[in-house]
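# Examination of the molecular architecture
One-letter residues, chain by chain:
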Amino acid sequence: MITAISAIVLGISLAAPVGPICLEIINRTLRNGFLGGIAVGIGGMTADALFMTTIYFGLGSILTHVTTQAILYLCGCLFLAYLSVRTFKKAPQSLWKDRHLIRPKKSIFWKCFYTGLFIALINPINIMFWFGIYGSVLSEIVERSNGLFILWYSLLIFTGILLWNLNLSFLTHFSSFLMKAKVLKGLNVVAATMLAFFSLHFGIQLYYLIS
């Protein structure tokens, strides 16, 4: 029981820190509703599953290679800069009056999904998080457990990530009904500014990596 709780808490801890994925979940929820936000989260979780599989089969050295890191920092810098500009340009106007009419279509779901997937895949911080935390946990449980326990533990970590993403999308969606247009615009500007900050951060890290 304690092991199960610790795995779920670990999943929440991996998802909770403010980063590009959390910002995009909030932004998409405000713009496209609950389904749009959770689609970003599911996309991010798909990338997490790929990282977990990579770590399990011992292929981590590929993603931690200097050349790979440089490519990821470059892609992350450019993509987050694009998201920041797009967020600034598409600030909500007076959607709060008729937000109950907003229903994300299937095409919007997949667009949000791929955005979350791409952000998670090219985010070096996310990769280091997985290889640093999950990698060390995996090395410990491999020595004293079988493959079934590892699968069960990994699924519980995903449960924690899913719970956080659902909670973030849920709270953002329903609190948005209480927000006026100026508040929505303010949140949009804050999200765009933070995305720009992460883009700049990746650019600086790339500079130090190749210099």
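Scope of this entry: the structure provided in the associated data block. (Residues numbered from 1 in each chain as written. Predicted model: local features only at pLDDT ≥ 70, side-chain atom pairs only at ≥ 80, totals over all residues. Heavy atoms only, no water.)

Our next topic: a nonpolar patch on the surface. Together, Phe170, Leu171, Phe174 and Phe177 make up an exposed nonpolar region whose accessible area comes to about 390 Å². Tracing the chain through its elements places leucine 171 in helix H8 (residues 147-175). (Patch = residues over 30% accessible without salt bridge, like charges linked within 9 Å, V, L, I, M, F, W, Y side chains within 5 Å. Areas by Shrake-Rupley, 256 points an atom, 1.4 Å probe, with all protein chains shown as cover. Salt bridge = Lys/Arg side-chain N within 4 Å of Asp/Glu carboxyl O. Helix = DSSP H or I, 4+ residues; strand = E, 2+ residues; numbered from the N terminus.)

Moving on: the environment of phenylalanine 158. Its location among the elements puts phenylalanine 158 in helix H8. Residue classification places phenylalanine 158 among the buried positions, given a relative accessible area of 15%. Each C-alpha atom of the pair phenylalanine 158 and alanine 15 lies 9.6 Å from the other, and the pair is 143 residues apart in sequence. When residues no more than four places from it in sequence are discounted, the contact partners of phenylalanine 158 are Met45, Asp48, Ala49 and Met52. (Buried < 20%, exposed > 50% of the residue type's maximum accessible area, 1.4 Å probe, protein only. Contact = heavy atoms within 4.5 Å.)

On to the environment of glutamate 24, then. Topologically, glutamate 24 is positioned in helix H2 (residues 20-32). Judged by relative accessible area, which is 0%, glutamate 24 ranks as buried. Remark: the alpha-carbon pair of glutamate 24 and alanine 192, spanning 168 residues in sequence, is separated by 9.4 Å. The contact partners of glutamate 24, leaving out residues within four places of it in the chain, are Val40, Leu83, Arg86, Thr115, Ile119 and Leu195. Of the polar contacts made by the side chain of glutamate 24, one reaches the side chain of arginine 86; its length is 2.7 Å. (Polar contact = N/O pair within 3.5 Å; in protein donor to acceptor, adjacent residues only side chain to side chain.)

Another aspect to go through is the packing of aromatic side chains. To describe a pair of aromatic rings, one takes the distance between the centres and the angle between the planes. On inspection of all chains with the given rule, the structure shows ten aromatic pairs. Taking 6.0 Å as the distance between ring centres and 35 degrees as the angle between the ring planes, the aromatic pair formed by tryptophan 110 and tyrosine 114 counts as tilted. In this pair, tryptophan 110 and tyrosine 114 both sit in helix H6 (residues 106-121), four residues apart, roughly one turn of the helix. Classification of tyrosine 114 by relative accessible area gives partly exposed; the value is 49%. Aromatic pair phenylalanine 170 and phenylalanine 174: ring centres 4.6 Å apart, planes at 50 degrees, arrangement tilted. Taken together, the residues span about one helical turn, with phenylalanine 170 and phenylalanine 174 both in helix H8 at a distance of four residues. The class for phenylalanine 170 is partly exposed, based on a relative accessible area of 45%. (Phe/Tyr/Trp six-rings, centres within 6.5 Å; stacked < 30°, edge-to-face > 60°.)

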